[in-house]
Amino acid sequence: MALFSQTSQQGFQALLWKCHMFWPVSRCRQLFAASFSIPTREKINYFSFMTSSSTALPVDPKETDVLPTKKRSEIDCREGKEWDEESKEIPEGKFHFSSVGAAKKWSMNRIQSRHKFSNVQPPEKPLQAEEWSKLREDFQFPEIFEEVMLNSMIKCNSPIDVAKSLLTHLAKRNGDVAYNVLVKYLTLCVQQGQVSEIRDVYDIMKVRFKILESGAYNLLIKGLSNSDQWRMALTLLEEVKKIMIPSRTCYESCIKAASCHQEMKLAFELYSEMLAKGVVPTLDVLQSFFYFSRGMKDAELQKELFGILLYLRENQIYPHKTFMRNIKLWFESIPGGNWKGRLTKIKDSGQCPVCSHQLEESNLTEEEYSNLSERIIRDVIHGTDTFRKTSPKEFEAFQAFVESRLPFDIVIDGLNVSHIKSKKMQCENLFDAVNCLAKENARLLVLGRKHMLTNSSNWKREIMKEMQNKADFFFAENISEDDAFLLYATLRSGKHCKFVTRDFLRDHKACLSDSLTRHLFRKWQRGHQIVVFPSPALRYDCVVQTTGDTWHIPYKDVFEEKFSFQVPKKWLCIQQK
């Protein structure tokens, strides 16, 4: 066990650097089998990993001279970890194959094997080389032993010395530590905040590889940003920018580090940069701005934070309860600001019970509606691939059908609505919707498919006939894309017309070229789309709103990763007294 206590003290990099990088693999194996009595780090030569991975570009040894031998600090700064809940995914290595079939078969076997051994229990203490060899020999799939074992160590958060002893054994046996295995070791180091080890692994990687893949950069930046050496994460971020667009994890780790150290100007510069590059921020990093800005009196900072609130408005994002509380506390902490926040529920009329302010209506002005209608018909209906699944002849027939029956009060996506309840027949789901919406003598148009006219287990002829007495039906071809039909009929019917579908219509919003039109589309959609009946569309617009001395922010109790049309019923009202 002396070897491992020694390894623990010297660091993993010191262990590996005993080998000279220009020696062949066979010579490296001999060296790893030798004694590991390393008196001081400064006397260590340099070692370069031989790897079969294609996820990083290897450095030409002829271009490599020496590495710095400066000792690392053992300080482990854990600031900010209480709000850092990002995924701990483990990047996988990539491999070369002679054929696609072989690669697919190997990959499937590898995935199945990993899942099969996901509950492997790692040892509690470092093992000798003979002990690791015995475990590997007894393992059903020796070729993935190290990977499975390291995955288990990450899951169990094993002591770093246990993982180090495994890599020591691997290096001694092969004269090689594969790239993906090294990244898994790095994952464990980051998970435990082992800053010195993180820097050691990075030093090894940058000698052997000119460029690392994004997973390794994510881990290195995340690990360093949670430490007293967080500025090194900024240096790494600049390195990433030279070869790729940095990931969200890279940007947000650096933003949180800057915010944690009260460098808010730098944090907002990084935030603006990630938006400009099309990298979408998480609610976690947005809320961190408000958390770390409490008590600061800075007009420019206040402007930036108001900008985040407007970003929520523009993108129809609803903060969760924790995020909402951070917004409230920030407002109330502004020196001399005299802001007071209260939680409330908005009346159906759109009036706030706290401040009596009337929220914005969901309806568009005549000019806004006219412009939006024109743009959707031009850019979305006629400007996309509508006719890839719908023939021009069919759409012309539909237009003539609609024009002869205008206006409608509600347009229903029949096929979409028919799947609302899986345990009921599809025609029954649609029948319930038509019955519910026709109660107030509304003029209904149902967009159906021709297969609905065929008597079947899901579409009963007598029920279809009864529905056709209460609504107009247009039956398109079974392969037709009905979103264009839905939008056209609704817009042609006028501002009052609503539409029923559970489709988010995201693709159609994306076809609109400018942000103002996309905003109007979303506003129109919020005020006119009925997702769950008999609930009506809201009369007021459910987005962040401000008058300058008031802010109204809709929020949800819990974070929802997926987009939902279940609009919040709870609001935060903030007034400046």
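Structure: see above.
Quick look at the structure, then. (Residues numbered from 1 in each chain as written. Predicted model: local features only at pLDDT ≥ 70, side-chain atom pairs only at ≥ 80, totals over all residues. Heavy atoms only, no water.)

## Quick notes on the environment of Ser349
- Summarising the element assignment, Ser349 is placed in the loop between β3 (339-344) and α17 (366-381).
- What makes Ser349 partly exposed here is its relative accessible area of 35%.
- With sequence-adjacent residues up to four places away left out, Ser349 is seen in contact with Gln358 and Arg539. (Helix = DSSP H or I, 4+ residues; strand = E, 2+ residues; numbered from the N terminus. Buried < 20%, exposed > 50% of the residue type's maximum accessible area, 1.4 Å probe, protein only. Contact = heavy atoms within 4.5 Å.)

## Here's the deal with the nonpolar core
- Among the nonpolar cores identified, the biggest contains 89 residues, and Met153, Leu286, Phe289, Leu309, Ile327 and Phe331 are the most heavily contacted of them.
- Beyond its immediate chain neighbours, meaning those up to four positions away, Phe331 contacts Phe306, Leu309, Trp339, Trp551 and Ile574.
- Phe474, Ala484, Cys497 and Leu505 belong to the second-largest nonpolar core, a separate cluster that totals 31 residues. (Core = buried A, V, L, I, M, F, W, Y, C linked by side-chain atoms within 4.5 Å.)

## Notes on the sheet that holds strand β5 (residues 444-449)
- With parallel pairing, the 5 strands of this open sheet are ordered in space as β6-β5-β4-β7-β8. Two strands bound the open sheet, and with one partner strand each, they are β6 (472-476) and β8 (529-530).
- Of the strand pairs in this sheet, strand β4 (residues 410-413) and strand β7 (residues 498-500) are connected by 3 bridges, and their pairing is parallel. Counted as the bridge partner of Ile412 is Val500 from β7.
- Those strands touched by helix α23 (residues 483-493) are β4, β5, β6 and β7, and its axis lies near 175° from that of β4. (Pairing = 2+ DSSP bridges. Axes fitted to C-alpha atoms, helices over the stretch in contact; angles between N-to-C directions.)

## Considerations on the packing of aromatic side chains
- A complete count under the given rule lists 26 aromatic pairs for this structure.
- Measuring from ring centre to ring centre gives 6.0 Å for Phe306 and Trp330, while their planes differ by 85°; the resulting arrangement is edge-to-face. A residue pair is termed long-range when its members are at least 10 positions apart, and Phe306 in helix α15 (residues 299-314) and Trp330 in helix α16 (residues 321-333) qualify at 24 residues. We note that Phe306, like Trp330, is buried. (Phe/Tyr/Trp six-rings, centres within 6.5 Å; stacked < 30°, edge-to-face > 60°.)

## Points about the packing of helix α5 (residues 129-138) against helix α6 (residues 145-156)
- Running from N to C, α5 and α6 point in directions that differ by 105°, and their axes come no closer than 10 Å. Comparing their axes, α6 and α5 come out roughly perpendicular. Across the interface between the two elements, Trp132, Leu135 and Arg136 from α5 touch Phe145, Glu146, Met149 and Met153 from α6.
- A per-class count over the contact of α5 with α6 returns 5 nonpolar, no polar and 2 charged. (Parallel < 35°, antiparallel > 145°, perpendicular 65-115°, else oblique. Nonpolar A, V, L, I, M, F, W, Y, C, P; charged D, E, K, R; others polar.)

## Quick notes on the pattern of salt bridges
- Across all of its chains, the model carries 21 salt bridges by this definition.
- Across the pair Arg231 and Glu263 runs a salt bridge, and its minimum N-O distance is 2.1 Å. Here Glu263 lies in the loop between α12 (248-260) and α13 (264-276) and Arg231 lies in helix α11 (residues 230-241), a separation of 32 residues in the sequence.
- Accessibility expressed as a relative area gives 44% for Arg231, which makes it partly exposed.
- We note a salt bridge from Lys495 to Glu366, for which the minimum N-O separation is 3.9 Å. Here Lys495 is found in the loop between α23 and β7, whereas its partner Glu366 is found in helix α17, with 129 residues between them in sequence.
- One continuous salt-bridge network, built from bridges that share partners, spans Arg136, Glu146 and Arg173. (Salt bridge = Lys/Arg side-chain N within 4 Å of Asp/Glu carboxyl O.)

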